[in-house]
Amino acid sequence: MHASQGRSASLGLALASAFAFGGSGVAAKPLIEAGLDPLHVVWLRVAGAALVMLPVAWRHRLLVRSRPILLLGFGLLAVAGVQAFYFAAISRIPVGVALLVEYLAPALVLGWVRFVQRRPVSRGAAVGVVLAVGGLTCVVEIWSGLSFDVLGLLLALGAACCQVGYFVLSDQGSAEGVEPPHPVGVIAYGLLVGTVVLTVVARPWGMDWSVLGGSAGMDGTDVPAWLLLVWIVLMSTVFAYVTGVISVRLLSPAVAGVVACLEAVIATVLAWVMLGEHLSAPQLIGGSMVLIGAFIAQSGTPKTPSGPVASGRGEGRTAGPDGGRAAVEGELSSGRAAT
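Since the model is a prediction, treat every value here as computed from it, not as a measurement.

A. Representation of the overall build of the protein chain. A count of helical and extended segments in the protein chain gives 13 helices and 2 strands. The 339 residues of the protein chain split such that 56% are buried. In the structure as shown, the protein chain presents an accessible area of about 13700 Å², 69% of it carried by carbon and sulfur atoms.

Shown next as structure tokens:
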């Protein structure tokens, strides 16, 4: 009885994390349309979350000496890179489409493993890659000459590539027999590193701060801009990461992977309801193919015995998006870091 209740609670946390991550783009897009630069929105998100997580960073301060490369890689790629590309992408294309493109990361990881590292991959994983790529052609409606902004699609692909870059970095930095770092500590320092990087790139001193004192439109409804920012910082970043870590540690990898894929579904539904971003039937079918293919490819990715391993969002979760949207396991699994 207690085991069943504990599993239900863990699944509830995982769903809450997916919902929080999935809402990042829906809350960020109105701020961008209200006049904030996408990079400034990313900076506000990461810097605000880093401030909240400062006590956690202090508690795990030994990580700075023991895993500096991992912290730099996570902050630069999984935090700053994924989220900057993702938020820039949603300023030009629908939230759901951007996140689905980002879900090509597991397929790209398999390509790296097979053709660069020359390690074998399973036939099932290869089928997952083909399914994901085929689904993406439906999402972007390639038969109509790409119905979406090409630059926006490339930016979303950049978010996926940042996830792959973090996988490569963490995979090479892992070692058998080395105790994996505490995932929440890595998240805290990743946010701090991301804040430093984004401060140099985004130059927040030039931001139009008055936008935060006004309102932003969500499909005809005015919402206080500061309220959207609070949601992005506290719910879509801090709450999403922490609940994701706890749930993934308690759930099996297979169940956690399925729940992580729900982030794209949640983001698409929220964008449909709250932003009026409707996707066609072929796009919805293609999106389902992308998620199924990403899950199959992710499940078939060869993993190192220990050390951080990237999963598709996402970050999930990565980021997702935001992202990264980037989930983090005991070994640290980055996927939605993003989004």
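B. The packing of aromatic side chains, seen in detail. Within this structure, the stated rule accounts for 4 aromatic pairs. Judged by centre distance (5.2 Å) and plane angle (85°), the ring pair of Phe21 and Tyr241 falls under edge-to-face. Highlighted residues: Phe21 in helix α1 (residues 2-33) and Tyr241 in helix α11 (residues 225-250), separated in sequence by 220 residues. Each member of the pair, Phe21 together with Tyr241, is buried. Summarising the aromatic geometry, the rings of Trp43 and Trp209 are spaced 6.3 Å apart at their centres and angled 90° between planes, so their arrangement reads as edge-to-face. A residue pair is termed long-range when its members are at least 10 positions apart, and Trp43 in helix α2 (residues 38-52) and Trp209 in the loop between α10 (183-202) and β1 (215-218) qualify at 166 residues. Judged by its relative accessible area of 16%, Trp43 falls in the buried class. Of the residues examined, Trp209 reaches a relative accessible area of 44% and is grouped as partly exposed.

C. Looking closely at the packing of α2 against helix α5 (residues 68-90). Following both chains from N to C, one finds α2 and α5 inclined at 140°, their axes separated by 9 Å at the closest point. Considering the angle they form, α2 stands oblique to α5. Here α2 runs over α5; the crossing is right-handed. Contact residues: α2 offers Pro38, Leu39, Val41, Val42, Arg45 and Val46, while α5 offers Val79, Gln83, Ala84, Phe87 and Ala88.

D. Layout of the packing of α5 against helix α6 (residues 95-102). Interaxial distance between α5 and α6 falls to 9 Å at its minimum, and their mutual angle equals 145°. Considering the relative orientation of α5 and α6, their crossing is right-handed. Judged by residue contacts, Val82, Tyr86, Ala89 and Ile90 of α5 engage Val95, Ala98, Leu99 and Glu102 from α6. Here the contact of α5 with α6 is built from residues that sort into 7 nonpolar, no polar and 1 charged.

E. Quick look at the pattern of salt bridges. In the structure shown here, the tally under the stated rule is 2 salt bridges. For the salt bridge of Arg92 with Asp149, the shortest nitrogen-to-oxygen distance reads 3.0 Å. In this pair, Arg92 is assigned in the loop between α5 and α6 and Asp149 in the loop between α8 (123-139) and α9 (150-173), connecting sequence segments 57 residues apart.

Conventions and cut-offs
- Residues numbered from 1 in each chain as written.
- Predicted model: local features only at pLDDT ≥ 70, side-chain atom pairs only at ≥ 80, totals over all residues.
- Heavy atoms only, no water.
- Helix = DSSP H or I, 4+ residues; strand = E, 2+ residues; numbered from the N terminus.
- Buried < 20%, exposed > 50% of the residue type's maximum accessible area, 1.4 Å probe, protein only.
- Areas by Shrake-Rupley, 256 points an atom, 1.4 Å probe, with all protein chains shown as cover.
- Phe/Tyr/Trp six-rings, centres within 6.5 Å; stacked < 30°, edge-to-face > 60°.
- Axes fitted to C-alpha atoms, helices over the stretch in contact; angles between N-to-C directions.
- Parallel < 35°, antiparallel > 145°, perpendicular 65-115°, else oblique.
- Left-handed = near helix turned anticlockwise from the far one by under 90°.
- Contact = heavy atoms within 4.5 Å.
- Nonpolar A, V, L, I, M, F, W, Y, C, P; charged D, E, K, R; others polar.
- Salt bridge = Lys/Arg side-chain N within 4 Å of Asp/Glu carboxyl O.

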